[in-house]
Amino acid sequence: MLNKEMKTATAAKKRPYAHPLDQLTADEVVQVAAIVRKSKPTMNLVFNTITLKEPPKHLMMSYLGWDKSVPRVTHLERESLVIILERPSMKVFEAVVSLDTESIKSWKYVPDKQPILTMDEMFEVEELVIKDPLVQAECAALGITDMSQVFNDPWAIARHINYPGRERRLMQALMYMRTCEDDNQYAHPLDFVPIVDVGLMKVIDIERIKPRDSKYTRPVIPLQRHNFLPEFIGEENFRKDLKPIIVQQPQGVSFTVRGSEIDWQKWNMRISMNYREGLVIHNVNYKDGDEVRPLFYRISLSEMVVPYADPYSPHHRKHAFDVGEYGLGLCTNSLTLGCDCLGSIYYFDGVFNDHNGKPFHVPNAICLHEEDAGLLFKHTDYRNGRAHTVRSRRLVISQIVTVANYDYGLYYYFYQDGTFEYECKATGQLNTHVLAEDETPGDYGVMVAPQINAQHHEHFFTMRIDPMIDGPNNSVAQVDTYRSRFPTGHPRNQFGNGFYAKTTILKDTIEAQCQASYETSRFWKVINPSRIHPYTKAPVGWKIMNPHAIPFYPAEDSICGDRAPFAKKALWVTPYNEDQMFAGGFYCNQSDGSDNVEVWANKERRNVENTDIVLWLTFGINHLPRVEDFPIMPVEMCGFMMKPANFFIANPAMDVPPTNKSINKSTNAAANPPLSSSCCSSNANKL
C-alpha cells in the first residue's frame, strides 16, 4: 500500500469553488466532517468516504449550456456524499451534506452492506496481523521468529462460506516474508491466510493452504531472492549502450488549462478525481468549424474484477474488485516528473479523507501532457514522387494506481482526428503462492521460480460511458460483416468476392447485452437518430472498437460470476439512472450479487433507443503468467478506441500542418547521411 502525503487543513473555512464538478477541496472535507459531527455528537464516527455528490444530470445539462429548452441554470447547490461507519457496531450510514447551507440534507441507516475498504483499514489490519499470537505461532512453525520479516497484503474477503452475509466487516491477509529491507516479498509467500474481523480488529481464523500433490504437509518457505530494485541489480550491471531521449517543447505546450477545464486541438473537456473511480472525464466536446458539438457527458472506469483460476480454498476468494473494494483514487500514485510522465507536464492533485474526517493530499495525482503519436496520415503520388506526411499528436490524461501487488497505468488519449482511446498498462508484481518442494501448480498456474506459483487469472475493466452525441438522446447500433449469402457464380455474386455489413439497432436492455464477435468483425456505434449526415443519409455516430474483449472463464454460477456478472458481456446498454454508477453495485465489498448491471438490465425490458443511455463496455487481459513476468511484470496493454463514424464532413485533421526536421530537430544517425528535404510535404521521394 502507499503512504500518502498528509497535508491536513486545520480550519473549516469556506472558499468559493470554480465549478460544480470540481472535487472537494481540503477545506471542504474538513467542513463536511464538522457538520456531521455537530449533528451527531454522541456517535463514534468513522468517516469511510467524504466525496462530492455530483449535481443531477438534468441540471448540469442546463448549467453547461446543452439543454436550451429551459432557462439556463447558473448556480447549483454544493453537496457531499458521506459514508459513515459507527463504532463499535460498524453499522453503515449515508448522509448528504449541503455545504451551501452547512446542514445535513439526508441521513439514513444502510443495513446489510459494507462500504469500500480504506487505506486506514489496510494499515491497521497489516499491523494487527503481525502482532497476533496465532499468526506468530504459524510463522514460528515455519521457522520464522523475527516478525519484522513478515508482511501481509490485506484483501477483501469476497464471500466466505463460514461467515456469510455482511453483518461482519471482514478481510483476509495474504502472507509473505522479506529476507532484508526492500526485499521482494512475493518471492517468499507463506502458506496460511488469517481472516480478520475489522469491526473487532481481531484475527478470527487462520486457514492453511495444504499442498495438493505432495508428500509434505507444509512447504519449506523458499529463501532465494528475486529482486528488481536498482540496489539489487547493481549499477555495474545496467546496460551501457542506452542513449538519452529528450522530449522538449521549447515554445510551450499546445493545451490550455483553466481550473479543471482543458482545451486542446478543438477538444474541450473537464476532469475530476474521486476516491473510487479516480480520474473522471466530463463534458467532452469538439469544435467542428463554428459549431461546438457535444460528445460525452461522463466517462470513467466504473469497475474491475480480477478472478483467479485456482478452484481450491482459499484461492476461490481471490477476485479483487479494484474499483469497488479499494478505490482507484485512494490507491493513486503521486507521479514523478521524468519517470511516470515524460516531457512538458501539467499536474493535478487529489484530495481524499481519512477515518477522522481529515483530508489527505496526493500531489501530482493526474498527469496531463502531449505525445507524438506517429503518422496521422500520409500519401505519396507514385507518378511524381510527391509525398505529403502529417504526424499525429495526442493529448494524454493519466493516473497510475497501486493495488497491493499490481500497478495499473490508466490513460485517456485524445487525437487530432477526433479519435478517443483508453489504455490500461498492467504492471507490478504477480500475486504468488508457495508450493511444497515436490508440488506442481497443476492446471491453474505456472512455476515462475522454484516453489513460486503464479496462478492464472484475468483482468476485467468495465467503463461507464455516458454519451451525448450531438444531444442527450442516442441509440446504439451493432454492425456485423458477413460473407455474401449468394454463392460464387450467382448473378449477385458472380466472382465470389461479395461481403456486406448489417446494422442492427439495439432497442431494449435485453437486446443490448452483447458479446464480441471475431467472425463478424463486430463493432458498435453510438448514433443520434435526430441528426442525419448529409452524405450518408444515416444518423451521425461514434464507432466503438473493442479488440481486447475476452471471455469470462469462471462458471456462470460461481461466486465470482454471481458478484461480477458485468464481466460476462462485452457491452451492456441501459437507460440513464443517476443511482447506477458502478457496474458491480455501489456497495461492492462483500456483495451478494443483487445490485449490478446484469440485474438492472434484466429487471425489466426497458427502451434504450433514441433516449438518454449509458454504455458499460468491458475489455481485459487473460493473464497466464510467464516466467518473464517475475519478479516484476513488463507492461501488458489493453483498452478500446472510439472514432467518429460519419460524424464530420471529411477528415477533421486535414488542417494539421506538416512538420519538418527544422521544427522537430530530427537528425540522421548515419555517419554520412544522404541529402534529404527538410519538409514533410515535398517531391523528395521520387522513385
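Cut-offs and rules
Residues numbered from 1 in each chain as written. Predicted model: local features only at pLDDT ≥ 70, side-chain atom pairs only at ≥ 80, totals over all residues. Heavy atoms only, no water. Phe/Tyr/Trp six-rings, centres within 6.5 Å; stacked < 30°, edge-to-face > 60°. Buried < 20%, exposed > 50% of the residue type's maximum accessible area, 1.4 Å probe, protein only. Lys NZ or Arg CZ within 6 Å of the ring centre and 35° of its normal. Disulfide = S-S within 2.5 Å. Helix = DSSP H or I, 4+ residues; strand = E, 2+ residues; numbered from the N terminus. Pairing = 2+ DSSP bridges. Axes fitted to C-alpha atoms, helices over the stretch in contact; angles between N-to-C directions. Contact = heavy atoms within 4.5 Å. Arc of directions from axis to C-beta.

> Can you break down the packing of aromatic side chains residue by residue, with the values?
Here the structure, examined in full by the defined rule, presents 32 aromatic pairs. When the ring of phenylalanine 582 is compared with that of phenylalanine 586, the centres are 5.9 Å apart and the planes differ by 50°; the resulting orientation is tilted. On the basis of relative accessible area, phenylalanine 582 is assigned to the buried category, the value being 9%. Note that arginine 276 overlies the ring of phenylalanine 582, its terminal NZ or CZ placed 3.8 Å from the centroid. Taking the ring centre of phenylalanine 523 as reference, the NZ or CZ of lysine 543 above it sits at 4.4 Å.

> Which residues make up the state of the cysteines, and what are the values?
One pass over the structure, following the stated rule, counts 1 disulfide. Here cysteine 341 engages in a disulfide with cysteine 367; their sulfurs sit 2.3 Å apart. One end of the pair, cysteine 341, is in the loop between helix H6 (322-326) and strand S15 (346-353); the other, cysteine 367, is in strand S16 (residues 359-381), with 26 residues separating them in the sequence. By relative accessible area, which is 0% here, cysteine 367 ends up buried. No disulfide involves cysteine 139; its sulfur sits 18 Å from that of cysteine 180, the nearest cysteine. For cysteine 139, a relative accessible area of 0% translates into the label buried.

> Break down the sheet that holds strand S7 (residues 192-197) for me, with residues and values.
As summarised here, the arrangement of the 4 strands in space is S5-S6-S7-S8, forming an open sheet in which the pairing is antiparallel. Taken across any chain shown, the strands that pair with only one partner, and hence form the sheet edges, are strand S5 (150-156) and strand S8 (202-208). Strand-to-strand twist in this sheet, taken as the mean axis angle between neighbours without regard to direction, amounts to 30°. As paired elements, S7 and S8 share 6 bridges and run antiparallel to each other. Within S8, the residue paired with proline 194 across the bridge is isoleucine 206. Sheet contacts for helix H3 (residues 119-131): S5, strand S6 (170-177), S7 and S8; angle to S5, the most-contacted strand, approximately 135°.

> Talk me through helix H4 (residues 133-141); I want residue IDs and the actual numbers.
Residues of H4 that are buried: Val135, Glu138 and Cys139. The arc that holds the buried residues of H4, viewed along the axis, is 100°, so those residues lie on one side. In this structure, H4 carries Pro133, Leu134 and Ala141 as exposed residues pointing more than 90 degrees from its buried face. With its phi angle positive at about 90°, glycine 143 sits one or two positions after the end of H4.

Interpretation in functional terms is not warranted from these geometric data alone.
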